[in-house]
Amino acid sequence: MEYYTNEQLYKYFEDEIERNADKQMEALKAEIASMKKQALEKIKTDLSESSNKEMETRIKDMKTDHIQAMNRISYDYSHQLMQKRQELLERVFVAVKQKLADFIIKPEYADLMKKKLAGTLDKLAGGEIAFTIRKGDKTLKKIIGETCKEKFVINESLEITIGGFDAISKKHAMEIDETLDSALADRKEWFYSQADLFNE
């Protein structure tokens, strides 16, 4: 066995320790470098995922905002269209009502009322009849007086604004509405339903 002095042994141990320390330092450096690389990759991945998620969230929010905006525009358009159609129909029926007001002063009105009255008297014959007419409708009042052979009364009403008559027979338990107001109202209701205003 080779003999070593204490000084040589110390030197040997010192060198060995340094060599081992260097190896350990290199290994530690490599491990640190590997951990650093993994950490950086993880950070990049996290940032990428976070960015993607944020972008997806923003896109989703934009889509939601777009849908809400389109729904709002669609609702506003439908609402405005419905208002415009209703205004148009109202103007149409105001014009029709005016034409009917002109009609009741013509001979054709008297002819129409004679025809309507004949049909009503056939249905209500044999009992007293209560007529309601527009206040001031002298033409119709005269026609009823000249035509009706049954006992009757004539009431004038401000609720009838155009013309025609409403006839009630208690005996027959029947009411016959031949007012132009009701005819116009019925036509208006039919026209509105055909126009399909509220299904836009």
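Keep in mind the model is a prediction, meaning the values are calculated, not measured.

## Structural notes on the confidence of the model for the chain
Caution is warranted with low-pLDDT regions, since their predicted coordinates should not be read in detail.
Then comes step 1: The pLDDT averaged across the chain works out to 77; a share of 58% of its residues lies at or above 70.
Then comes step 2: In the predicted structure, residues 1-6 sits below a pLDDT of 50 and forms 2 contacts with residues beyond four places in sequence or in another chain.

## Description of the packing of helix 2 (residues 107-123) against helix 3 (residues 138-147)
Then comes step 1: In the contact formed by helix 2 and helix 3, the axes pass within 10 Å of each other and the chain directions differ by 40°. In terms of their interaxial angle, helix 2 and helix 3 are classed as oblique. Where helix 2 crosses over helix 3, the handedness of that crossing is right-handed. For the pair helix 2 and helix 3, contact is made by Tyr109, Ala110, Met113, Lys114, Leu117 and Leu121 and by Thr139, Leu140, Ile143, Ile144 and Thr147, respectively.
Then comes step 2: Split into classes, the residues belonging to the contact of helix 2 with helix 3 amount to 8 nonpolar, 2 polar and 1 charged.

## Looking at the pairing of strand 2 (residues 152-157)
Then comes step 1: Sheet analysis places strand 1 (residues 129-134) next to strand 2, joined by 6 bridges and oriented parallel. By the bridge assignment for strand 2, Phe131 is matched with Ile154.
Then comes step 2: Handedness of the crossover joining strand 1 and strand 2 through helix 3: right-handed.

## Remarks on helix 3
Then comes step 1: Taken as a whole, helix 3 has its buried residues at Leu140, Ile143 and Ile144. Considered in projection along helix 3, the buried side chains sweep an arc of 95° and stay on one side of the axis. The exposed set on the far side of helix 3, more than 90 degrees from its buried face, consists of Lys138 and Lys142.
Then comes step 2: Buried residues in helix 3 make contact with helix 2, strand 1, strand 2 and strand 3 (164-169).

Definitions and limits used
Residues numbered from 1 in each chain as written. Predicted model: local features only at pLDDT ≥ 70, side-chain atom pairs only at ≥ 80, totals over all residues. Heavy atoms only, no water. pLDDT = per-residue confidence, 0-100. Contact = heavy atoms within 4.5 Å. Axes fitted to C-alpha atoms, helices over the stretch in contact; angles between N-to-C directions. Helix = DSSP H or I, 4+ residues; strand = E, 2+ residues; numbered from the N terminus. Parallel < 35°, antiparallel > 145°, perpendicular 65-115°, else oblique. Left-handed = near helix turned anticlockwise from the far one by under 90°. Nonpolar A, V, L, I, M, F, W, Y, C, P; charged D, E, K, R; others polar. Pairing = 2+ DSSP bridges. Right-handed = clockwise from strand over helix to strand, strands pointing away. Buried < 20%, exposed > 50% of the residue type's maximum accessible area, 1.4 Å probe, protein only. Arc of directions from axis to C-beta.

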